[in-house]
Each structure stands twice: as structure tokens, then as C-alpha cells.
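# Observations on the model geometry
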Amino acid sequence: MSKLENAHWGDVCERVDTCALTGAAAFVAGIPRTEILVNGPLWCYFYALRYLEHGAYDMAERFHGSQPDNTAVVYGSEKYILAALKRLQEEGREPELLFIESSCSMSLIGDDLNGIAAKAALPCPYVTMDCGGLIGGFVEGYTKAALSVLDKCLELPAQAQKQVINLLGQTDFYLHGRDDTEEMVRLLHKAGYRVQAVRGSGSSLEKLRYLGNAQLNIVTNEELGLPIAEYLKKRCGTPYILAGLPYGIEGTKSWLAKIGEALPTTSLGDVYAEAEFVAEHLTSLLNDVRCQWGDLWADRIIISGPPTQALCLGEAVRREWVDTSELLLCCQRKLPHNAPEVYCKAADAIYISGEKEFPWKDIAHFTGSILLLGSSSESSLLYRQGRTDFINCNIAFPAKEEIYLTKQPLVGLEGSKQLVQKIWNAYIKQCIQKQGKV
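Residues numbered from 1 in each chain as written. Predicted model: local features only at pLDDT ≥ 70, side-chain atom pairs only at ≥ 80, totals over all residues. Heavy atoms only, no water.

For any pair of aromatic rings, the description rests on two quantities: the centre-to-centre distance and the angle between the ring planes. By the definition in use, this model includes 12 aromatic pairs. Judged by centre distance (5.1 Å) and plane angle (15 degrees), the rings of Tyr45 and Phe63 are stacked. One end of the pair, Tyr45, is in helix 3 (residues 42–52); the other, Phe63, is in strand 2 (residues 63–65), and 18 residues separate them in sequence. The pair formed by Tyr45 and Phe63 is uniform in burial state, with each residue classed as buried. For the pair Phe138 and Tyr142, a centre-to-centre distance of 6.3 Å together with 20 degrees between the ring planes defines the contact as stacked. (Phe/Tyr/Trp six-rings, centres within 6.5 Å; stacked < 30°, edge-to-face > 60°. Helix = DSSP H or I, 4+ residues; strand = E, 2+ residues; numbered from the N terminus. Buried < 20%, exposed > 50% of the residue type's maximum accessible area, 1.4 Å probe, protein only.)

Structure below.
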């Protein structure tokens, strides 16, 4: 179970987190031409698969299970693992890396996964790991898998290459994670940097071998990227910065400026020019919208999600997009290094799961207007308490009341347009509903 004080299993695996097995698989699944074998019961396999399919619809093609029966808890799971590995070889599968992980119950047995894999004489490199939910949640699994893969494949650099950077802390399995990565890479390229690799979000194993060639590592989601950045600094000497996520137009400019201070470039002006164009475009369009629907106001804004995301988004929402009397942030876990105020100074209160729980029950008695940026879990809590009059926008998984068929980054300049559109459309829809009740 995730190490959250007073947490219940249902909170961890259904509301604010997933298990470490899922997080570890998510990191490896973000590397092309890799495959994953889960040593555990079908329940664990399908639970993780269901989550991963949100970010990769074809996940089942490279996500496999050993399917041990109940006796494996007593007698071990070796024969099931070997049978699964034999089946994969018979199917002609030769991934660039095979990741073998055990679930909670199988981890308790203490099977030697590495020794079992060696018996199978696999034709491809492999990494083994016990990463069941007993050691933590999504973040613990993600970072442990990332470090295990680095131990296996990292080449020590001969010399850092000029203007080469890595993005650390991205995952395709946060809502819009892949789209966010692409937008950040686009902005960094336009600013004159060479993005060598994005760990856990599309970069090949070959690119990950040479992470140490970068001049600078940029940590986005601190909870995911900081342990990797510290590892690379210790092993390769690569400096890093905790940049956060670039939400909003001004937030994007500040994000790039922070990177520019650590690694100067002569092309920031190109991105700033695009930022000014987007700002003018949005201002013109929104002035027309305000004439019909009034100013966008919420008495209370609630943002709930992974910590770096919630904090950086909160700063942008209040500084740039929505007027409010109160901004409340609900971080799904504690940051590993920074205090929350480093990313967000605009919040009136910050709640951290496991430390200071968010007062969801009190929200039902709040009589003012609410803008909720979170997931279906948070919106369902309000619905169950009789609140149906709030503005709702999904920015995290699970997101059960929408489908996403097109690219929808939430960060950067393209993300600014998407979020402004998303929030305003939800606000207009609410206005129409209210008018219909008059």
C-alpha cells in the first residue's frame, strides 16, 4: 500500500493514486519496443492494463501476465514465469528490453526474478524488479523502474554536448501527458535547445543510453523526475533544475527564462514573439465572449491532481485566466524536495493527501460558485453531496465523462489555448443551464 498516513487501499488505488506495479509499467511502457511481464494474479494484471490503456490503446500487445494460481503464494511462481517467457519466445517476440515485475502477493514470496529470467536464456536484455503496491504508489514504481533501467543501460559520457538537454519527469500516462511532452519539446527546440531524450515518454532505449551527454537536465514533474536527476548528477555530473510545468502564457515565458538562466540561448526571442501573438489573439477573442457572457468568475477554484501539475496550474489559473476569491489546491502526494510555495504563491490553501486532507464534505455547504479542475473522482464526490452547479474540467485521470481523440496539450502556448477554451466552454454551458432554469 502507498505510504500515506491514514490512507485506505481504496483511496490509493481508486481515487488519488495507482499501485507501484502500474507506475513501474508506465515508465517502461513509455519506451518504444519494450515489453512487460507482470508476475501476479489476473486482477493485478487487468487493473494495471486498464490504467495504461488510457495512454496507449494497444498496450495489451506488449503487456503480458504470468497468471500464477493460488498455490504460487506457498510454492513460488517460477514455473509460471518460465512458462510465460517460453510463450513469448515461441511467439517470436524480441523486444529491445523486457521488464519483469512482481505484484504485491508475489513479492512476498521472495522469488529470485533475475535468476529465473537467467534460466530462460532470453534473446533480449531484461530488467527484473519487485514493485508491488506494498512499496508505494505510482511514483515509487515509476522512479524505481527508471533507476533500474538506467543501471542496466546507461553509458558514461565522454563529454557533454552543447545546448543538449533532457526532460525528466514526463509520462504518457498522466492525462494529456504525451501531448504535454510534445509541446514542451516544440518550445525548447524553438528556443534553440536540442532535446536529446524524454525519459518515460517516447524516447528510445538507445537515446536513454546517452542521457549523460546533456549539458542540463530539466525536471518537470518533480515527483517523477527528481530521483532520476539526482542519479544522473551523481553518476554523470550533469546539473539539473527543477523547472516545473509551463502552464499559461506568462508561465511559459517564466519557465523558459528559468531554463535560459541555467543554460543561456540566443533564440528565446522567437518563443516570446509567439507568446505575444497568442496573448493578443486570446485577448481579442475573449473580449468578444465577455460581451455576451460576462467575466469569468468563480467564488472558489479547486484544483486537484499530481502535485507539480496542481501547483503550477493553480498559479496560471489565478494569475492569468480566472478571477476568484479563493484558490484551493489538493496535491495527490507530497513533493520530494520543494515546498509547494516554490511553484505556486497564488493559492489560499494547499492540501496534501496523507498530511492535510481536503475538506470535500464541507464543499457541499458552500453556497458560492465553484470551478473544479481535477478528475472524475473529485467531481463525483461533489455530485454525491448534491452539488451539480459547479464548473467542471478534467485535468487528471480518471476522466470518465469525456473522450480525447485529438491532441490536447495543457502546457505551453498551445496548452494555454486548450485550457482557456475548456474552462470558458464549461462556464458558458453552465450559464445556459442556469438560464434554462429561470
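Alright, that's what it looks like, and here's the rest.
Within the structure shown, the criterion is met by 22 salt bridges. For Glu96, the salt bridge identified is with Arg33, shortest N-O distance 3.1 Å. Linking Glu96 in the loop between helix 5 (78–90) and strand 3 (97–102) with Arg33 in the loop between helix 2 (20–29) and strand 1 (34–39), this pair joins segments that are 63 residues apart in sequence. For Arg209, the salt bridge is made with Glu206, and the minimal N-O distance between the two is 3.5 Å. Separated by three residues within a single helix, Arg209 and Glu206 lie in helix 10 (residues 205–209), roughly one turn from each other. Arg209 sits in the partly exposed class, given a relative accessible area of 23%. (Salt bridge = Lys/Arg side-chain N within 4 Å of Asp/Glu carboxyl O.)

Taken together, the four strands give an open sheet; going across it, the order is 6-5-7-8, and neighbouring strands pair in parallel fashion. In this open sheet, the two strands that pair with only one neighbour each are strand 6 (194–198) and strand 8 (240–242). Ignoring strand direction, the axes of neighbouring strands in this sheet form an average angle of 25 degrees. Pairing of strand 5 (residues 164–168) with strand 6 involves four bridges; the strand directions are parallel. Of the residues in strand 6, the one forming a bridge with Asn166 is Ala197. Where helix 9 (residues 177–190) meets the sheet, it contacts strand 5, strand 6 and strand 7 (216–219), and its direction lies at approximately 155 degrees from that of strand 6. (Pairing = 2+ DSSP bridges. Axes fitted to C-alpha atoms, helices over the stretch in contact; angles between N-to-C directions. Contact = heavy atoms within 4.5 Å.)

Our focus in this paragraph is unusual backbone geometry. Of note, the amide linkage connecting Phe397 to Pro398 takes the cis form, showing an omega dihedral of -5 degrees. Within the fold, Pro398 resides in the loop between strand 13 (391–394) and helix 17 (412–437). Even without a glycine there, the phi angle at Gln67 is positive, about 55 degrees. Relative to the helices and strands, Gln67 resides in the loop between strand 2 and helix 4 (72–75). Despite not being glycine, Ala121 has its phi angle at roughly 50 degrees, a positive value.

What is shown is where atoms sit, not what they do.
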